[in-house]
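Read off the chains here:
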Amino acid sequence: MELAYLNGWLGSLEEAHVSVNDRGYNFGDGVYEVLRAYDGVIFALEEHLKRLESSAAAVEIELPWKPAQLKNITEDTLSKSGIKEALIYIQVTRGTAPRSHSSEADMLPNLLVTVRNIIEIPPSLYSEGVKAITMPEFRWQMCNIKSISLQASVLAKRRADRAGAAEAFFVLPDGTVTEGASSNIFIVKDGVLLTHPADNRILSGVLRHFVLKVAESLEVKVRVEPFKISDLMKAEEVFITGTVAEVVPVVNVDGKIIGGGQPGPLTGLLHQGFTSLHE
Ligand code: PLP
């Protein structure tokens, strides 16, 4: 059964309620993680909790829970749900207080963990690939933080939806492609795998990290450096990574066909390599 844990309370997602004074609700003042469990085992829980900690530290939210407590709460909620193929969401907001931009230092953060059934991903996503659009980067300059303030990403996704695309890629004024609205982007150029460095312009994705590890083990040439929109348009292969859909080929950007319109061989190999990490 899909379950929500909220500050010690456990019940259905429909019954879980937060105050209208929750700063997450009023200001998007919080951080989050999205994780996946395969056959009842959470993938890369430690990596996700580390990122949650560093996101919280970056926005000056002091976590009152030790990593081991967060691990226990998350694993316990998963196990009580009985769900094996799960989508797990962890959210920490700064706390609850009458709406005011300034916040008291001693506010107690709110912790929400939800466990839901993973959404079925159609196999055609991998066999056919998806379309993407590009748009000017208009997010803030702390994209390394997994903040729940996601309005810019929501707007980008709406624009992608209207164009019949699955993802929107952000492009800086100098033509550098940073990442997708909810994914990291990789391209293959002259046989070399390229992805943007993990700086303030992108979220350092957990899947990105594991795909880079798989690439290393396969002795693929990798350059973790910025690339331009002109490189993207001429790429042999393009793919995006994220916890939910893992590795997804992109075959069309802004209406232009990429890599002959077919998912590329390296994309498939890297996805296969990733899959073997949790089987
Ligand atoms: N970049 C952004 C902006 C995201 O929102 C996400 C995931 O939601 C990712 C990258 C991929 O991160 P991960 O691989 O940890 O799921």
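Residues numbered from 1 in each chain as written. Predicted model: local features only at pLDDT ≥ 70, side-chain atom pairs only at ≥ 80, totals over all residues. Heavy atoms only, no water.

### What to know about the sheet that holds strand 1 (residues 3-6)
Step number 1: Spatially, six strands are ordered 2-1-6-5-3-4 in an open sheet, and the strand pairing comes out antiparallel. Pairing within the sheet leaves two strands with one partner each, and these edge strands are strand 2 (9-11) and strand 4 (41-42).
Step number 2: Here eight bridges tie strand 5 (residues 86-93) to strand 6 (residues 110-117), and the two strands are oriented antiparallel to one another. Bridging from a neighbouring strand, V92 pairs with L111 of strand 6.
Step number 3: Where helix 3 (residues 67-81) meets the sheet, its contacts fall on strand 1, strand 2, strand 3 (30-38), strand 4, strand 5 and strand 6, and the angle it forms with strand 6 comes to roughly 35°. (Pairing = 2+ DSSP bridges. Helix = DSSP H or I, 4+ residues; strand = E, 2+ residues; numbered from the N terminus. Contact = heavy atoms within 4.5 Å. Axes fitted to C-alpha atoms, helices over the stretch in contact; angles between N-to-C directions.)

### Examining the domain arrangement of the chain
Step number 1: Split by domain assignment, the chain resolves into domain 1 (3-117) and domain 2 (124-278).
Step number 2: Placing a centre on the C-alpha atoms of domain 1 and another on those of domain 2 gives a separation of 26 Å.
Step number 3: Taken together, the contact pairs 24 residues of domain 1 with 17 residues of domain 2.
Step number 4: For the pair domain 1 and domain 2, the summed buried area comes to about 1700 Å², and 67% of that belongs to carbon and sulfur atoms.
Step number 5: On the domain 1 side of the interface with domain 2, the three residues burying the most area are Y32, F43 and R51, jointly 37% of the side's total.
Step number 6: Connecting domain 1 to domain 2 are one salt bridge.
Step number 7: Between E246 and R36 there is a salt bridge, and its shortest N-O distance comes to 3.5 Å.
Step number 8: Scanning the region where domain 1 abuts domain 2 turns up seven residue pairs in polar contact (both at pLDDT 80 or more).
Step number 9: Mapped by element, the contributors of at least two residues to the side of domain 1 that touches domain 2 are helix 1 (23-27), strand 3, helix 2 (45-58) and strand 5.
Step number 10: The dominant element in the side of domain 1 that touches domain 2, judged by the number of residues it contributes, is strand 3, at eight residues.
Step number 11: Residues belonging to the side of domain 1 that touches domain 2 are distributed by class as follows: twelve nonpolar, seven polar and five charged. (Domains from an automatic or database assignment. Buried area = accessible area lost by both parts, 1.4 Å probe. Salt bridge = Lys/Arg side-chain N within 4 Å of Asp/Glu carboxyl O. Polar contact = N/O pair within 3.5 Å; in protein donor to acceptor, adjacent residues only side chain to side chain. Nonpolar A, V, L, I, M, F, W, Y, C, P; charged D, E, K, R; others polar.)

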